[in-house]
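Breakdown of the fold
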Amino acid sequence: MIRHLVKQGRIYRARVRLSRGDKLTDESLHTSDKQVAEKRLAALVQGMEQEREGIIAPKAIREGAVRPLDEHLEDFIRHLESRKRSAKYVANTEHQARAVIEECEWKYPKDATADAFQAWQTRQKKSAKTINDYLAAISGLFNWMQQYGRIPSNPLRAVGRVETQGKEVRHRRALNENEVRRLLAVAGENKAAYVTAVYTGLRRGELEALQWGDVKLDAVVPF
């Protein structure tokens with residue numbers, strides 16, 4: 001085992017490796033008092049040993065448990081933004097996840113349960129598709145928290161999606177030829193996008209993701 005106190009400026013740091021091959025832990029002890037630093041170093045080592053033996057949960061989970069869900073959600077939203085997700089997707093995800101957290105009265109991760117979500121679900125007058133969107137948003141948060149070690153597992157992992165067959169509020173269908181003409185007549189500067197959608201069948205998200213490199217106009221059969 002390696003366990004050292006290192007002083008940087010006035011503040012002590014701990015450097016700990018429990019056994020060969022383990023990652024070196026290097027963190028501030030936030031004190032300039034050597035006796036206090038030694039006590040905190042001993043507590044750090046004890047905690048690491050208990051984690052390794054499964055006596056206590058990993059540090060990230062312990063820290064995550066005492067942070068409000070609102071703060072985890074803010075971190076999740078920043079993560080989505082850093083991944084260049086569309087502004088609309090990020091805004092919808094934040095709105096839906098926050099609504100579930102507030103309406104279920106979940107303050108900390110431990111408060112979130114499948115039973116509470118299903119009780120919330122039965123109170124809703126939203127369409128089946130919309131309820132599934134809310135489930136996807138809040139599950140996205142919990143899956144991300146699990147991935148980054150903030151919770152041991154997604155508490156909603158067993159919650160299934162609502163069946164949407166036969167419960168559609170709006171029935172989707174293709175535009176007929178007359179409706180396409182009427183749409184293009186009033187499309188203005190968006191006409192090119194609508195024409196592309198009509199002739200290719202691409203969805204809005206797919207159209208927005210198109211780059212010039214995807215368009216092969218010089219091929220024998222352009223695509």
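This write-up is about the structure you can find in this document.

Procedures and definitions
- Residues numbered from 1 in each chain as written.
- Predicted model: local features only at pLDDT ≥ 70, side-chain atom pairs only at ≥ 80, totals over all residues.
- Heavy atoms only, no water.
- Pairing = 2+ DSSP bridges.
- Helix = DSSP H or I, 4+ residues; strand = E, 2+ residues; numbered from the N terminus.
- Axes fitted to C-alpha atoms, helices over the stretch in contact; angles between N-to-C directions.
- Salt bridge = Lys/Arg side-chain N within 4 Å of Asp/Glu carboxyl O.
- Buried < 20%, exposed > 50% of the residue type's maximum accessible area, 1.4 Å probe, protein only.

The antiparallel open sheet is built from 3 strands, whose spatial order is S1-S2-S3. For this open sheet the edge positions go to strand S1 (2-8) and strand S3 (25-28), each flanked by a neighbour on one side alone. Each adjacent strand pair in this sheet contributes to an overall mean axis angle of 20 degrees, direction not counted. The pairing of S1 with strand S2 (residues 11-17) spans 7 bridges and is antiparallel. Of the residues in S2, the one forming a bridge with Leu5 is Ala14.

The next point concerns the pattern of salt bridges. Per the stated rule, a full pass over the model turns up 12 salt bridges. The partner of Arg15 in a salt bridge is Asp26, and the shortest N-O contact between them spans 3.1 Å. Pair noted here: Arg15 is in strand S2 and Asp26 is in strand S3, with a separation of 11 residues, a long-range link. Classification of Asp26 by relative accessible area gives partly exposed; the value is 34%. For Arg98, the salt bridge identified is with Asp70, shortest N-O distance 3.5 Å. With Arg98 in helix H4 (residues 87-103) and Asp70 in helix H3 (residues 69-82), this residue pair connects regions lying 28 residues apart in the sequence. A residue is classified by how much of its surface remains accessible, and Asp70, at 32% relative accessible area, is partly exposed. Look at the salt bridges and you will find they share partners, linking Arg67, Glu71, Asp75, Arg78 and Arg150 into a network.

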